[in-house]
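Residues per chain are reported as follows:
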Amino acid sequence: QVQLVESGGGWVQAGGSLRLSCAASGSISSINSVGWFRRAPGKAREFVARIFSDNSTNYADSVKGRFTVSMDNAKNTAYLQMNSLKPEDTAVYYCAATKLWVWSYWGQGTQVTVSS
């Protein structure tokens, strides 16, 4: 089993920045990749960003150039640096991890609110 705990959410004005953290514990050697998803009020959960074990990344078009996903293997922690935030980025952000390329583990979520 793997446990994921997010932190770093909060309130910020449009144009500001936040950094989310996702601390992993447990059987982390089974993880292939770590990703970030978000769910805005009244909307479906959507993919935001992902980092693979070889440090390659991919992003949703809506956040490319503004968000950066990274991993500190020594700390077993993934990060999502969010810059130039927009009100439409307001959502609960979830960290997730894949085992055998299936999204198998999820954190509890952290709220990000961007005011205009």
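Please refer to the structure placed before this passage.
Residues numbered from 1 in each chain as written. Predicted model: local features only at pLDDT ≥ 70, side-chain atom pairs only at ≥ 80, totals over all residues. Heavy atoms only, no water.

## Notes on the nonpolar core
In globular proteins that are soluble, nonpolar side chains generally tend to be buried together. Going by this rule: By nonpolar core is meant a set of buried Ala, Val, Leu, Ile, Met, Phe, Trp, Tyr and Cys residues that side-chain atoms within 4.5 Å join together. Note on classification: 1.4 Å probe, protein chains only; a residue is buried when its accessible area is under 20% of the maximum for its type, exposed when over 50%, partly exposed between these limits. Secondary structure elements are defined from DSSP: runs of H or I of at least 4 residues count as helices, runs of E of at least 2 residues count as strands, and each element is numbered from the N terminus. Between two residues, a contact is recorded if the distance between any of their heavy atoms is within 4.5 Å.
One finds Leu 4, Trp 36, Val 48, Phe 67, Leu 80, Met 82 and Tyr 93 to be the most contacted residues of the largest nonpolar core, which totals 30 residues. Among the elements of the structure, β1 (2–7), β3 (18–26), β4 (31–39), β5 (46–52), β7 (67–72), β8 (77–82), β9 (91–99) and β11 (110–115) are those that each provide at least two residues to this core. Contact partners of Met 82, with chain neighbours within four places excluded, come to Gly 16, Ser 17, Leu 18, Leu 20, Arg 66, Phe 67, Tyr 93 and Val 112.

## Observations regarding the state of the cysteines
Note the cut-off: Working definition: a disulfide is two cysteine sulfur atoms within 2.5 Å of each other.
Going through the model one piece at a time under the given rule, you end up with one disulfide. Between Cys 22 and Cys 95 runs a disulfide, and the two sulfur atoms are separated by 1.9 Å. One quick way to see it: the torsion about the S-S bond of Cys 22 and Cys 95 is about -70°, and its sign makes the bridge left-handed. Of this pair, Cys 22 sits in strand β3 while Cys 95 sits in strand β9, placing them 73 residues apart in sequence. Judged by its relative accessible area of 2%, Cys 22 falls in the buried class. Given the relative accessible area of 0%, Cys 95 is considered buried.

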